[in-house]
2 protein chains.
Amino acid sequence: MLKLSTTQNRTPGFDGKRLHLLESAARVFSQVGYDGASMRRIAAEAQVSPAGIYNYVTGKEELLYWIQYHTFDSLLKGLEHSLSGVVDPQERLATAVRNHVRHFGENMHELKVCARELETLEGEAYDAVHECRRTYFEAVHQLVKELEPTGGSRLDSWIATANLFGMINWFYQWYDAGRTQVSLDDLAAQQTALFLDGYFASTSNGDDGADK
Amino acid sequence: MLKLSTTQNRTPGFDGKRLHLLESAARVFSQVGYDGASMRRIAAEAQVSPAGIYNYVTGKEELLYWIQYHTFDSLLKGLEHSLSGVVDPQERLATAVRNHVRHFGENMHELKVCARELETLEGEAYDAVHECRRTYFEAVHQLVKELEPTGGSRLDSWIATANLFGMINWFYQWYDAGRTQVSLDDLAAQQTALFLDGYFASTSNGDDGADK
DNA sequence: GAGAGATACGAACGAACGTTCGTACGTGCC
DNA sequence: GGCACGTACGAACGTTCGTTCGTATCTCTC
């Protein structure tokens, strides 16, 4: 299932137009959900006829596939890039959270679609996205495990990582509901601090786990 | 919008049958989403004809409304009940998390629908559910604020509460994906500990914030 | 047992859906 | 100029959707 559209014999502007189409689709998906979004509405958003969409994509399914795959892929790429040169384990985790939250801020629609429609795709398309997502999760999980090389927290590192993702993924539900008093970097810092030291902790813990 | 179905002149078994219908609808909604669920499938799940649904409910929208309203309402009721007699602030928060997570375990379908379809309803129906949800959030927020009566954490209590909800709401995405090595109470305890003390904290903090 | 009203369902409605088809238009190559 | 082909769109297809309608059954009341 899900034949991908061919990428040969294309006009110069093809890639750009498809990207524009994916952005429009992500915008609509994030507003009304995958099932609630009609191809006609996506077409209108992208200023194309409904039939025109099928020049760039084999169907609705592939729209979601590309949005999700591209999002997790660039999350991972961004993580690897921003981690280079950072050695302190706490600082590395803070960097990862900042990367994630910033990415959310700059691609709110795409991330929202990824968070909400995780189980919408099926078959090979689901597997491909799932593999990409798993790689990203494991990269962050590794950062968590490296926090305490001597043998560990009393908490399960996998569960703690999952809960960390809960914090940084769930925030699309409440952030920017009008009351943007806090910047994305501030938010990332608070989430890092909460994860590392809890709500209570004394501030004696070095740089308190979130700076910059 | 959303005329509620009348509740007068009903047969004795009416309430029970409607509850059964709502459970079936919640099961289908949680599997394929609100938009992806057809009335025909819900009817089949409830062993009723599609037309028969409309004896108990004015339409699809009201199904979602009752599921969400009833869920948040019983979350709040359960919270108030389980808090009675508990005085230690950390223990009160631990109790709240346990209440939430247990409720998730016992009503996985309903909670999943509440988490995923928060923005699906519109107008009065949305407002009514939103008010109920806000009350529940504020109750937990109050518990967080009472953790440190002397003046507070370095973190914003509202944001910390929102992140707490991120942890305990997001877990439907990964829990029971086959690997149920950890009980719901254990999970609640880990989430409470993570929130109160962070991933790092020394275990010297009283009962470490999660017991029972 | 006659009447009323709640409960149940098969059939059908109009609307909207994702997608396909046929046909134009534009551009580059010989 | 003529051909090939990527791009674009209006119209239409078949399907499925939420809901309504007409009617049959069941259960009380008098």
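This text follows the structure it describes.
Notes on the structure follow.

### Some thoughts on the protein's contact with DNA strand C
- Taken together, 19 residues sit near DNA strand C, with M39(A), Y54(A), N9(B), R10(B) and Y56(B) positioned nearest.
- What you see for DNA strand C is that sugar and phosphate hold 62% of its atoms within 4 Å of the protein.
- K60(A) has a polar side-chain atom sitting 2.8 Å from a phosphate oxygen of DNA strand C.
- N55(B) places a side-chain nitrogen or oxygen 3.3 Å from a base nitrogen of DNA strand C.
- At the level of secondary structure, the elements contributing two or more residues to the surface near DNA strand C comprise α2 (39–46) of chain A together with α1 (14–32) of chain B.
- Its residues assigned to classes, the surface near DNA strand C shows 8 nonpolar, 6 polar and 5 charged.

### So, the pattern of salt bridges
- If you walk through the whole model with that rule in mind, you get 10 salt bridges over all chains.
- Between R102(A) and D185(A) there is a salt bridge whose closest N-O contact spans 2.8 Å. Of this pair, R102(A) sits in helix α4 (residues 89–106) while D185(A) is found in helix α8 (residues 184–197), placing the two residues 83 residues apart along the sequence.
- For D185(A), a relative accessible area of 23% puts it in the partly exposed group.
- R134(B) is the salt-bridge partner of E131(B), the closest N and O atoms lying 3.7 Å from each other. Of this pair, E131(B) and R134(B) both sit in helix α6 (residues 123–145), separated by 3 residues, roughly a single helical turn.

### A look at α8(A)
- Here α8(A) contains 14 residues, and its C-alpha end-to-end distance of 20 Å stays within 8% of the 20 Å for a straight helix at 1.5 Å per residue.
- For α8(A), a buried count of 11 out of 14 residues is recorded, marking the element as mostly surrounded by other parts of the structure.
- For α8(A), the complete set of buried residues consists of L184(A), L187(A), A188(A), Q190(A), Q191(A), T192(A), A193(A), L194(A), F195(A), L196(A) and D197(A).
- On its buried face, α8(A) sits against α4, α6 (123–145) and α7 (157–170) of chain A together with α7 (157–170) and α8 (184–197) of chain B.
- Just downstream of α8(A) lies G198(A), where phi reads positive at about 80°.

### Looking at the protein's contact with DNA strand D
- For DNA strand D, the set of nearby residues contains 19 residues, the closest of which are R10(A), Y56(A), M39(B), R40(B) and K60(B).
- Sugar and phosphate atoms represent 60% of those atoms of DNA strand D found within 4 Å of the protein.
- A distance of 3.1 Å separates a phosphate oxygen of DNA strand D from a polar atom in the side chain of K17(A).
- At a separation of 2.4 Å, a phosphate oxygen of DNA strand D approaches a polar side-chain atom of Y56(A).
- Within the residue set of the surface near DNA strand D, elements represented by two or more residues are α1 (14–32) of chain A together with α2 (39–45) of chain B.
- The residue makeup of the surface near DNA strand D, split by class, is 8 nonpolar, 6 polar and 5 charged.

### Things to note about unusual backbone geometry
All names here are of chain A.
- In the Ramachandran plot, Q47 falls in the positive-phi region, its phi being about 60° despite a non-glycine side chain.
- By secondary structure assignment, the location of Q47 is in the loop between α2 and α3 (60–83).
- Judged by its relative accessible area of 73%, Q47 falls in the exposed class.

### Structural notes on the relation of the copies chain A and chain B
- Between chain A and chain B, which share one sequence, the superposing operator has a rotation angle of 180° and an axial displacement of 0.0 Å; the RMSD is 0.0 Å. The transformation just described matches what one would write down for a two-fold rotation axis. Judged by C-alpha distance, G198(A) is the residue of chain A that lies nearest the rotation axis, at 1.7 Å.
- When you check the interface residues of chain A against chain B, 100% turn up at the interface there too, and the contact is symmetric in its surfaces.

### Digging into the interface of chain A and chain B
- Opposite the 44 residues of chain A that make contact, chain B presents 44 residues.
- Taking both sides of the interface into account, the surface hidden between chain A and chain B amounts to around 4,300 Å²; carbon and sulfur atoms contribute 63%.
- For the pair chain A and chain B, the interface holds 0 salt bridges.
- On the surface where chain A and chain B come into contact, there are 10 residue pairs in polar contact (both at pLDDT 80 or more).
- Residue assignment for the side of chain A that touches chain B shows that the elements contributing at least two residues are α5 (108–116), α7 and α8 of chain A.
- For the side of chain A that touches chain B, the element with the highest residue contribution is α7(A), accounting for 11 residues.
- By residue class, the composition of the side of chain A that touches chain B is 23 nonpolar, 12 polar and 9 charged.

What counts and how
- Starting from 1, residues in each chain are numbered consecutively following that chain's sequence as written.
- A letter from A marks each chain and a number from 1 marks each ligand, given out in the order of writing.
- Whole-chain, interface and lining totals are the exception, using all residues; otherwise, since this is a predicted model, local features are given only for residues with pLDDT of at least 70 and side-chain atom pairs are given and counted only at 80 or more.
- The side-chain quantities take in all heavy atoms of the structure and omit both hydrogens and water.
- Any residue with at least one heavy atom within 4 Å of a molecule or strand is counted as near it.
- Pairs of N or O atoms within 3.5 Å make up the polar contacts considered here, provided that, within protein, one atom can donate a hydrogen while the other can accept it, and that residues adjacent in sequence are counted only when both atoms are side-chain atoms.
- Secondary structure follows DSSP: runs of H or I at least 4 residues long count as helices, runs of E at least 2 residues long count as strands, and numbering of each begins at the N terminus.
- Classes in brief: Ala, Val, Leu, Ile, Met, Phe, Trp, Tyr, Cys and Pro nonpolar; Asp, Glu, Lys and Arg charged; the others, Gly included, polar.
- For this analysis, a salt bridge means a side-chain nitrogen from Lys or Arg found within 4 Å of a carboxyl oxygen belonging to Asp or Glu.
- Think of it in three bands: with a 1.4 Å probe and only protein chains considered, a residue is buried below 20% of the maximum accessible area for its type, exposed above 50%, and partly exposed in between.
- One fewer than the residue count of a helix, multiplied by 1.5 Å, yields its expected span.
- Here a residue-residue contact requires only that any non-hydrogen atoms of the pair lie within 4.5 Å.
- Here the copies are matched by least squares. The fit uses the C-alpha atoms of residues with pLDDT of at least 70 in both.
- As used here, buried area is the combined drop in accessible area, with a 1.4 Å probe, of two parts when they are placed together.

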